[in-house]
Amino acid sequence: MVKKKGANNDGMLFDILSETLTEDHITIIERLSKPRQDEELAEELNLKATIVRTLLNDLHAKSLVEYDRTKNKRTGWYTYVWRVREEKLREYVRNYLENKLSQLTGGMDQETGMATFNCLCGRVSFEAAFDNNFLCPKCNKKLEEFSNKKEVAQIKTEIARINSLLGK
Ligand SMILES: [Zn+2]
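Calculation criteria
Residue indices follow the written sequence of each chain, beginning from 1 at its first position. The predicted nature of this model means local features are confined to residues of pLDDT at least 70 and side-chain atom pairs, given and counted, to a pLDDT of 80 or more, with totals for whole chains, interfaces and linings taken over all residues. Values shown for side chains rest on all heavy atoms present in the structure; no hydrogens or waters enter the calculation. Here a strand is any run of E in DSSP of at least two residues, a helix any run of H or I of at least four, and the numbering for each starts at the N terminus. Note on exposure labels: buried denotes an accessible area under 20% of the residue type's maximum, exposed denotes more than 50%, and partly exposed covers the range between, all computed with a 1.4 Å probe on protein chains only. Each residue carries a pLDDT value, the predictor's own confidence for that position, ranging from 0 to 100. In what follows, a contact means two residues having at least one pair of non-hydrogen atoms within 4.5 Å. Here a strand pair is declared whenever DSSP counts at least two bridges between the two strands. As a rule, the C-alpha atoms of each element are fitted with a line to give its axis, helices using only the stretch in contact, and angles between N-to-C directions run from 0 to 180 degrees. Salt bridges are defined as contacts in which a side-chain nitrogen from Lys or Arg sits within 4 Å of a carboxyl oxygen from Asp or Glu.

1. Examining unusual backbone geometry
Then step 1. Of note, N46 is a non-glycine position whose phi angle comes to about 60°, a positive value.
Then step 2. Relative to the helices and strands, N46 is located in the loop between α3 (38-45) and α4 (49-61).
Then step 3. At N133, a position not held by glycine, the phi torsion is positive, near 55°.
Then step 4. Along the chain, N133 falls in the loop between α6 (126-131) and β6 (144-145).
Then step 5. For N133, a relative accessible area of 62% translates into the label exposed.

2. Looking at the confidence of the model for the protein
Then step 1. Summing up the model confidence of the protein, the mean pLDDT is 87 and the portion of residues at 70 or higher is 92%.
Then step 2. Averaged pLDDT values over the elements of the protein bottom out at 78 in helix α1 (residues 9-17) and peak at 96 in α4.
Then step 3. Counting contacts from residues 1-7, a segment whose pLDDT is below 50, to residues more than four positions away or on other chains yields 14 contacts.

3. A few points about the sheet that holds strand β3 (residues 78-84)
Then step 1. Taken in spatial order, the 3 strands line up as β1-β3-β2 in an open sheet, and their pairing is antiparallel. Both edges of this open sheet fall to β1 (36-37) and β2 (65-71), since each of them pairs with a single strand only.
Then step 2. Judged from the 7 bridges that link them, β2 and β3 form a sheet pairing that is antiparallel. Bridge assignment links D68 to a residue of β3, and that residue is V81.
Then step 3. In this fold α4 packs onto β2 and β3, with an angle of close to 120° to the strand it touches most, β2.

4. Things to note about the pattern of salt bridges
Then step 1. If you walk through the whole model with that rule in mind, you get 13 salt bridges.
Then step 2. Among the salt bridges present, the one from E19 reaches R161, with a minimum N-O distance of 3.2 Å. Pair noted here: E19 is in the loop between α1 and α2 (23-31) and R161 is in helix α7 (residues 149-165), with a separation of 142 residues, a long-range link.
Then step 3. The exposure class of E19 is partly exposed, given its relative accessible area of 36%.
Then step 4. For R161, a relative accessible area of 32% translates into the label partly exposed.
Then step 5. A salt bridge links R31 to E44; the shortest N-O distance between them is 2.7 Å. Taken together, the residues R31 in helix α2 and E44 in helix α3 connect sequence positions 13 residues apart.
Then step 6. What you see here is one network of salt bridges that share partners, running through E19, K100, E158 and R161.

In structure tokens:
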């Protein structure tokens with residue numbers, strides 16, 4: 001069952017996952033809405049079993065899926081039945097968003113504390129500009145005032161989006 005993106009909470013979950021996992025990994029997660037064998041998945045998705053197993057192993061390394069292994073007494077072969085760890089998946093998304101949020105907050109502090117002067121050589125903090133009579137410390141040309149309102153607004157929008165995703 002492929003869930004429609006954005007249609008419900010799970011759709012939102014998959015949207016966020018698409019920022020951090022590949023499309024193939026997400027397809028696997030979607031297909032594991034009920035427990036499945038890796039061979040079944042490979043057949044359904046028309047992929048080589050080795051590829052599906054690699055994708056499953058990647059997800060397993062992130063603790064997002066788990067499996068039960070049973071031995072066929074007659075053939076001696078193992079069968080793996082995989083399933084998604086829903087709680088871990090939610091935790092993974094939450095951690096991803098929290099990390100992103102703290103990066104953005106750091107970026108915001110930098111934007112608001114940094115300033116507002118620049119030259120073709122780059123941006124200059126207020127302090128450095130002041131100390132150098134508002135001339136560029138590198139090329140000595142007069143520094144231009146620079147508005148970072150747009151950058152600040154972008155970061156604010158993104159912070160608001162993530163806070164609402166986190167239910168804050
Ligand atoms: Zn300069």
